[in-house]
Amino acid sequence: MQVQNLAGSDQWDRVKKELRNELGDDVFSNWFGRVNHEETTGDAVRLSVPTRFLKNWIQSNYEKQLVGLWKREQDDIKRIELTVRGALRPRRITAGNAPKAITARRISGRPGPFSSTPQFGAGAAVIPCLADTGEEAAADFLNGAALNPKLTFDTFAEGSSNSLACAAVRQMAAGHEGTLDMLYIHSSTGIGKTHLLQAAASEARKTGRQVAYLSAEFFMYHLVPALRTPAFPVLRQAMRSIDLLLVDDLQFLHGKQGQDEFAKTLEMLMEAPSQIIMAADRSPDELDTLGEALRRRIQKGEVVGIQATDYALRHDILKKRVSAARRTHPGFSVPEEVSDYIARYVISSARDLEGALNRLFAHNQLTKQPVTMDLAEKTLHDLVRIGEPRSIKVEEIQQVVCKHFSVTKADLLSSCRARTLVRPRQIAMYIAKVMTGRSLPEIGRRFGNRDHTTVLHAVRKIEDMVSKDKALSQEVELLKRLVHT
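Residues numbered from 1 in each chain as written. Predicted model: local features only at pLDDT ≥ 70, side-chain atom pairs only at ≥ 80, totals over all residues. Heavy atoms only, no water.

Engineer: What is the right way to read the overall build of the protein chain from this model?
Structural biologist: In terms of helices and strands, the protein chain carries 21 helices and 8 strands. Carbon together with sulfur atoms contributes 49% to the accessible area of the protein chain, which is approximately 23500 Å² in total. (Helix = DSSP H or I, 4+ residues; strand = E, 2+ residues; numbered from the N terminus. Areas by Shrake-Rupley, 256 points an atom, 1.4 Å probe, with all protein chains shown as cover.)

Engineer: Would you take a moment to explain the pattern of salt bridges for this structure?
Structural biologist: Side chains that differ in sign of charge can pair as their charged atoms come close. Following the criterion strictly, the structure yields 16 salt bridges and no others. Here E22 and R72 are joined by a salt bridge, their closest N and O atoms 3.9 Å apart. Of this pair, E22 sits in helix 1 (residues 2–23) while R72 sits in helix 4 (residues 63–73); the two residues are 50 residues apart in sequence, bridging distant segments of the chain. Taking the relative accessible area as the measure of exposure, E22 reaches 39% and is therefore partly exposed. On the basis of relative accessible area, R72 is assigned to the exposed category, the value being 59%. K378 is the partner of D374 in a salt bridge, and the nearest nitrogen-oxygen pair spans 3.3 Å. In this pair, D374 and K378 both sit in helix 15 (residues 373–379), 4 residues apart, roughly one turn of the helix. Exposure remark for D374: the relative accessible area of 42% places this residue in the partly exposed category. (Salt bridge = Lys/Arg side-chain N within 4 Å of Asp/Glu carboxyl O. Buried < 20%, exposed > 50% of the residue type's maximum accessible area, 1.4 Å probe, protein only.)

Engineer: Can you help me understand the environment of V422 in this one?
Structural biologist: Mapped onto the secondary structure, V422 falls in helix 18 (residues 419–436). Looking at V422, the relative accessible area reads 16%, which means it is buried. Residues V422 and L412, spaced 10 residues apart in sequence, show a C-alpha to C-alpha distance of 8.1 Å.

Engineer: Can you help me understand the pairing of strand 1 (residues 36–41) in this one?
Structural biologist: Each regular strand displays side chains that alternate between the two surfaces of the sheet. Of the strand pairs in this sheet, strand 1 and strand 2 (residues 44–49) are connected by 5 bridges, and their pairing is antiparallel. From the neighbouring strand, H37 faces strand 2, where its bridge partner is L47. The loop that links strand 1 with its antiparallel partner strand 2 comprises 2 residues; one of these, G42, has a positive phi angle of about 60 degrees. (Pairing = 2+ DSSP bridges.)

Engineer: Help me understand the side chain of N364, please; the structure alone is not making it clear to me.
Structural biologist: Tracing the backbone shows N364 in helix 14 (residues 350–367). Separated by 3.0 Å, the side chains of N364 and Q365 make a polar contact. Dropping the residues within four chain positions of it, N364 is found in contact with F332, Q369, P370 and V371. (Polar contact = N/O pair within 3.5 Å; in protein donor to acceptor, adjacent residues only side chain to side chain. Contact = heavy atoms within 4.5 Å.)

Engineer: How should the nonpolar core be read in this particular structure?
Structural biologist: The nonpolar side chains of a soluble globular protein tend to be buried, and buried together. Formed by 51 residues in total, the largest nonpolar core has its most connected members in F32, L66, L250, L253, F262 and M278. Among the elements that take part in this core, helix 8 (residues 216–226) stands out by supplying 8 residues, more than any other. Non-local contacts of L253, meaning those with residues more than four positions away in its chain, are made with A216, F219, M220, G258, Q259, F262, T289, L290 and L294. In terms of nonpolar packing, the next biggest core, distinct from the first, is built from 29 residues, V401, L412, I431 and V466 among them. (Core = buried A, V, L, I, M, F, W, Y, C linked by side-chain atoms within 4.5 Å.)

Engineer: Hey, could you run me through the packing of helix 16 (residues 394–405) against helix 18 in this one?
Structural biologist: Describing two packed helices takes the angle between their axes plus the distance from one axis to the other. It is the contact of helix 16 with helix 18, at a shortest axis distance of 9 Å, that shows an interaxial angle of 145 degrees. Relative to helix 18, the crossing made by helix 16 is right-handed. Where helix 16 abuts helix 18, its residues V394, I397, V401 and F405 lie against P424, I427, A428, I431, A432, M435 and T436. Its residues assigned to classes, the contact of helix 16 with helix 18 shows 10 nonpolar, 1 polar and no charged. (Axes fitted to C-alpha atoms, helices over the stretch in contact; angles between N-to-C directions. Left-handed = near helix turned anticlockwise from the far one by under 90°. Nonpolar A, V, L, I, M, F, W, Y, C, P; charged D, E, K, R; others polar.)

Engineer: Is there a simple way to explain helix 16 in this structure?
Structural biologist: Compared with the 16 Å implied by 1.5 Å per residue over 12 residues, the 17 Å span of helix 16 between its first and last C-alpha is a close match. Inspection of helix 16 places V394, I397, Q398, V400, V401 and C402 among the buried residues, and these make up the whole buried set. (Expected span 1.5 Å × (residues − 1).)

Engineer: Looking at this model, I keep getting lost on the side chain of H37. Mind explaining?
Structural biologist: Looking at the secondary structure, you find H37 in strand 1. Of note is the side chain of H37, whose polar atom sits 2.9 Å from the side chain of T40.

Engineer: Can you help me understand the sheet that holds strand 5 (residues 211–215) in this one?
Structural biologist: Consider a sheet: its strands pair through backbone hydrogen bonds, and that pairing is either parallel or antiparallel. Judged by pairing direction, the sheet is parallel, and its 5 strands sit side by side in the order 5-6-7-4-8 without closing on themselves. Across the chains shown, the open sheet's two edge strands, defined by having one partner strand only, are strand 5 and strand 8 (302–305). Strand-to-strand twist across the sheet, computed as the mean angle between neighbouring axes with direction ignored, equals 15 degrees. Each of strand 5 and strand 6 (244–248) touches helix 8; the most contacted strand, strand 5, lies at about 95 degrees to it. Helix 10 (residues 256–271) rests against strand 4 (182–186), strand 6 and strand 7 (275–280) of the sheet, and its axis sits at about 150 degrees to strand 7.

Engineer: Can you walk me through the packing of aromatic side chains in this structure?
Structural biologist: The description of an aromatic ring pair rests on the distance of the ring centres and on the angle between the ring planes. Summed over all chains, the structure comprises 4 aromatic pairs. Between F32 and Y62, the aromatic rings sit 5.3 Å apart at their centres with planes inclined by 70 degrees, giving edge-to-face as the arrangement. Of this pair, F32 sits in helix 2 (residues 25–32) while Y62 sits in the loop between helix 3 (52–61) and helix 4, and the two are 30 residues apart along the sequence. Across the pair, Y62 and F32 agree in class, each one buried. With centroids separated by 5.2 Å and ring planes inclined at 70 degrees, the aromatic side chains of F332 and F361 adopt a geometry described as edge-to-face. Within this pair, whereas F332 is found in the loop between helix 12 (311–328) and helix 13 (336–345), its partner F361 is found in helix 14, the two being separated by 29 residues in sequence. (Phe/Tyr/Trp six-rings, centres within 6.5 Å; stacked < 30°, edge-to-face > 60°.)

The values are spatial; any link to function lies outside them.
Okay, structure coming up:
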């Protein structure tokens, strides 16, 4: 039997390869990424999946395809048996006994003392079985994905690179009148999107508002199927009761069905006095997995980018994490020169900052030796980024400004003096002057062969405006950071 199972595993590897070729990477990962081969006996192949929904979905949509592919490997195969791995079955949830949040599954390994990132596996939450009743579906939706209690506004380090996003999220979490209806936050991985969304969920719940925090994968694997069952009327009513909906990792929303249902959900929630905050690792127009209509719908709301952390923010993050660690380990300390070294050279993400501190903390606890500069240099060599900043091109600035203000490069370089074009053009000239070191005549040539006096006027105009207008100053700083990324 052991030999047969080993052979079956090899066959399953080949079947998976063919499935990936036929379905594409996205579809394969969504539906077969967590399917395991258990055994091949007689004319049957037994596969296991983590949830009952995946079992039902694969049986309904891919069983014949699976049998056909297996028959190429072993001609006498006639059926596929799918079983649910019992270790992942959560207890049944009803509206009356629903917990505050769905139980999360930790990945192997312990989180460090500084970690403010949920230590979850892919998708963040264990996906429960497809609800049998409308009440269960509604309860699951209202509970949403698990929240990490460490991710609060108090533990969030605010700086110039994230101040706009943080201010908008805080206002929406508080439910102040006149705040945004829809907010879309985007940034690279590890910059703070999930922290902000979970902080907003926790804060809004304290005020008594009805909140649903979902990962895109939770939505796709759990809610989309429920919307096509008799549970839909009750689930729809539950959606209408939501005051604040938060959807994280929107880049993982794949497939036309998931996109269509998500778009319908947005429309449904916008009919009621609801607010929506979404987050992804790229801007809406770069989310190729979403349909054009859904991207346009998202772009009707406010779109805010969080840029790479600067030195001051990284230093503040370190200070907060060290202070948190000292509450449970009073003897732990990090000298200022070490904090300066980490903040200056560990620049990839806030997660890398926490990883750096975790390493120093582990060394301190295991060896009882103090944290020193020598230790930091030896321990963190693979995390540091030491080198000269890259040169900035005028074309890069023009591209960022055009995307931000939704204008074309041809319009930016044209002679048109419409107000909607003059301000972006002047801002682009100003940023080119402060970031590239190019001369005024050279910048003028790059902006439609304009005279250097025109560039000088634009630079002085924007300098004066940013000194008086805080919102414009923040917007210009945002554009400068976008150019850097």
